[in-house]
Amino acid sequence: MRAITLFATVCLCPVSVHAWAGLGSKGDTLSSSEGRRSFLGNSLMAGTALASMFCTPLTPAAAALDMEAFANRELASDSQTKKLSDDEALCKFGMPSRQTGDACVRAGMSTKRRDGGVDSYGNVDRGTFVRCKASYVDTGKEYKKVVTCE
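Rules and cut-offs
Residues numbered from 1 in each chain as written. Predicted model: local features only at pLDDT ≥ 70, side-chain atom pairs only at ≥ 80, totals over all residues. Heavy atoms only, no water. Helix = DSSP H or I, 4+ residues; strand = E, 2+ residues; numbered from the N terminus. Contact = heavy atoms within 4.5 Å. Areas by Shrake-Rupley, 256 points an atom, 1.4 Å probe, with all protein chains shown as cover. Salt bridge = Lys/Arg side-chain N within 4 Å of Asp/Glu carboxyl O. Buried < 20%, exposed > 50% of the residue type's maximum accessible area, 1.4 Å probe, protein only. Pairing = 2+ DSSP bridges. Disulfide = S-S within 2.5 Å.

1. Some points on the overall build of the protein chain
- Looking only at helices and strands, the protein chain has five helices and two strands in total.
- Excluding contacts between residues fewer than 6 apart, the proportion of contacts in the protein chain whose partners are at least 24 apart in sequence is 19%.
- Accessible area of the protein chain: about 12,800 Å², with a carbon and sulfur share of 59%.

2. Remarks on the pattern of salt bridges
- Counting across every chain of the model gives one salt bridge.
- For aspartate 87, the salt bridge goes to arginine 106, with nearest N and O atoms at 3.1 Å. Placement of aspartate 87 in helix α4 (residues 86-93) and of arginine 106 in helix α5 (residues 98-107) is noted, with a sequence separation of 19 residues between them.
- On the accessibility criterion, aspartate 87 (24% relative accessible area) is partly exposed.

3. Some remarks on the pairing of strand β2 (residues 143-149)
- Burial of β2 is sparse: only zero of the seven residues sit out of reach of the surface.
- Note that strand β1 (residues 132-138) and β2 share seven bridges and pair antiparallel. Directly across from tyrosine 136, in β2, lies its bridge partner lysine 145.
- Connecting β1 to the next strand, β2, in antiparallel fashion are four residues, including glycine 140 with a positive phi near 105°.

4. Structural notes on the state of the cysteines
- On inspection of all chains with the given rule, the structure shows two disulfides.
- Here cysteine 91 pairs with cysteine 104 through a disulfide, and the sulfurs are 1.9 Å apart. Judged by the sign of its S-S torsion, about 100°, the bond between cysteine 91 and cysteine 104 is right-handed. Of this pair, cysteine 91 sits in helix α4 while cysteine 104 sits in helix α5, and the two are 13 residues apart along the sequence.
- For cysteine 132, the disulfide goes to cysteine 149, at an S-S distance of 2.1 Å. Torsion about the S-S bond of the cysteine 132 and cysteine 149 cystine: about 105°, corresponding to right-handed handedness. Of the two residues, cysteine 132 is situated in strand β1 and cysteine 149 in strand β2; the sequence distance between them amounts to 17 residues.
- Exposure remark for cysteine 132: the relative accessible area of 42% places this residue in the partly exposed category.
- Using a relative accessible area of 46% as the deciding quantity, one classes cysteine 149 as partly exposed.

Now the structure itself:
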């Protein structure tokens, strides 16, 4: 806190005083609000410029990004990618069909797709359907709903 106060006293006050004193020396007839605006504008502008000179962090040259090493590392990682066999490529990117499903089995990959719904063979998973019937039984006082599913 003491450093901020010292900075404001040393850097901002002389600039502000000179900005205020400069108004009267030009012989301009300014109203008090225009004088305050220019006083604040000049002091903030000069104070910001001085603060940016003193507050700029200095980074050592070792912290800079070595672009050549970065590019070489990326190129090396690209060359290590695994090439897909024909069966793996067909299983991964092929349209669902019997041949695609057989290719997945030969490649040792799962026949289930990410999207769900359709597997590699083209079979659609619609779940299990059960047919239910509602019937109403007379209990004497009221009708009671009974659902039977097969």
